[in-house]
Amino acid sequence: MGEANKKQHYVQKAVLKKFSHTQRQSKTDVITIIDAKRKKIYDKNISNTFCIDNMYDFEEIEEVKLIEKELNEKIEGPMSTILNRFDTLCHNEFTINRSELETIKKYILVQLYRNPRNREQYKGEIDKWKKEMLHILQTPFDDLLNDSIGFDGVRLFAQDIHLSFMMIVRTRDEFCINDMGYATERMPCNAIPIASIDNYIVFPFSPHYAILKVNGLWKMYFQKLYSKHPMTPPSCSPILNKYLKLPKNTYVNRDKISCELDIWGSRDPKDEYTYHIVDISKDDTDFLNTLTLNETLEIIGVHDVNAISTSIDEFRRRAKIGGARIDYDFFDDALKEYNDKKQQNK
């Protein structure tokens with residue numbers, strides 16, 4: 001038990017399990033790792049990867065594992081229930097209530113906070129990072145939008161999520177997941193060419209499904225698309241220009257809502273949000289994977305590494321133009337070595 005508690009994940013273990021396969025010899029759940037630092041490909045038990053020893057532990061309070069406890073109860077447990085229901089029920093649409101939407105929003109917020117790159121920004125102030133994590137976990141999402149002394153960073157992250165909307169995309173091919181748990185499409189802003197905007201953040205949660213947290217400007221664009229005064233798209237986006245879709249909302253207190261401003265005051269935990277599952281092409285799957293590949297710190301997790309080969313090829317093609325953060329030139333040799341070992345062990 002002590003060793004299990006020592007390994008604390010910065011990408012939810014239930015998500016890693018979706019990407020895993022069962023190792024024949026050990027009968028354990030393993031995920032295939034593309035290791036950009038060591039330039040190798042190998043399988044690793046999901047209990048021992050995408051984690052840091054004791055990263056959430058407090059030193060100065062009695063309940064050392066408080067963050068891990070709150071994380072399991074408030075986010076990871078409920079999120080696992082949503083993901084399992086998704087696997088069971090999902091066809092072309094997926095409906096959640098307001099309480100479940102809050103869980104997903106807080107999952108996104110937690111992932112933006114607990115990833116190693118953000119944690120690294122708190123050098124010398126890790127206790128501050130832990131207190132902000134605990135504040136997120138113990139505070140209802142709507143309350144995170146308000147001023148809280150000492151938690152300005154949390155409020156800004158929460159407000160950005162609140163103003164955004166969610167899409168769910170599906171592929172017949174395969175997504176990969178990096179050690180950030182997400183990746184961002186950042187493009188030049190059409191209104192201000194010298195500026196850029198984050199069109200969306202993609203959170204893969206299985207080899208075939210991903211959540212997009214889409215910039216609220218795209219909602220404004222969509223709502224005015226067929227009006228007398230349509231607005232210019234906020235930016236160029238290969239994905240949103242092709243697949244943009246808003247959820248259908250069903251409000252319990254619909255009779256009290258005459259405009260969008262009334263929604264906030266009339267919200268109810270049983271309000272429902274129905275998301276159309278957007279099927280994307282292989283080329284667009286490769287594009288989303290190139291974002292994930294570029295934003296990795298050290299490792300990529302995949303279900304079937306051979307299925308990611310075309311995404312690696314697309315990444316290397318784009319890297320010739322410039323802007324690549326990672327070099328995947330080792331991939332072909334590493335893949336051959338990995339497949340040869342697999343063949344020998346049969």
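Preceding this paragraph is the structure being described.
Residues numbered from 1 in each chain as written. Predicted model: local features only at pLDDT ≥ 70, side-chain atom pairs only at ≥ 80, totals over all residues. Heavy atoms only, no water.

A. Up close: the layout of surface pockets. The computed volume of the largest pocket comes to approximately 970 Å³. The set of elements that each furnish at least two residues to the lining of the largest pocket consists of helix H4 (98-114), helix H7 (141-144), helix H8 (152-163), strand E7 (165-170), helix H9 (216-223), helix H11 (260-265) and strand E13 (272-279). Of the residues forming the lining of the largest pocket, the biggest block, seven residues, is contributed by H4. Looking at the lining of the largest pocket residue by residue, the classes come out as 19 nonpolar, six polar and eight charged. There is about 680 Å³ of room inside the second largest pocket. In this structure, the second largest pocket is lined by 27 residues; those nearest its centre are Thr184, Arg186, Leu291, Asn294 and Glu295. Elements with a contribution of two residues or more to the lining of the second largest pocket: helix H5 (116-120), strand E9 (183-188), strand E10 (196-204), helix H12 (282-295) and helix H13 (309-319). The greatest single-element share of the lining of the second largest pocket, amounting to five residues, is contributed by H12. For the lining of the second largest pocket, the per-class residue count stands at 13 nonpolar, seven polar and seven charged. (1 Å grid on protein atoms, 1.4 Å probe; cavity = no way out; pocket = protein on both sides within 12 Å on 5 of 7 lines; lining within 4 Å. Points joined across faces, edges and corners; volume = space filled by probe spheres on them. Helix = DSSP H or I, 4+ residues; strand = E, 2+ residues; numbered from the N terminus. Nonpolar A, V, L, I, M, F, W, Y, C, P; charged D, E, K, R; others polar.)

B. Layout of the environment of Asp284. Here Asp284 lies in helix H12. In this structure Asp284 comes out as buried when scored by relative accessible area, which is 6%. Sequence-wise, Asp284 and Ser311 are 27 residues apart; in three dimensions their C-alpha atoms are separated by 9.7 Å. The residues touching Asp284, leaving out its near neighbours within four places in the chain, are Pro238, Ile239, Lys242 and Tyr243. A distance of 2.6 Å separates the side chain of Asp284 from the side chain of Tyr243, its partner in a polar contact. (Buried < 20%, exposed > 50% of the residue type's maximum accessible area, 1.4 Å probe, protein only. Contact = heavy atoms within 4.5 Å. Polar contact = N/O pair within 3.5 Å; in protein donor to acceptor, adjacent residues only side chain to side chain.)

C. Here's a closer look at the pairing of strand E4 (residues 40-45). Sheet topology places strand E3 (residues 29-35) next to E4; six bridges connect them, and they run antiparallel. Residue Ile33 lies in a different strand from E4, and its bridge partner there is Tyr42. In this structure, the hairpin formed by E3 and E4 is closed by a connection of four residues, where Lys39 is found at a positive phi of approximately 60°. (Pairing = 2+ DSSP bridges.)

D. Geometry of empty space enclosed by the protein. Counted according to the given criterion, the structure contains two cavities of 30 Å³ or more. Within this model, the largest cavity holds a volume of roughly 50 Å³. What lines the largest cavity is simply Ile82, Leu83, Phe86, Phe94, Ile104, Met166, Ile168, Phe205 and Ile211. Sorting elements by how many residues they give to the lining of the largest cavity places helix H3 (residues 66-89) first, with three residues.

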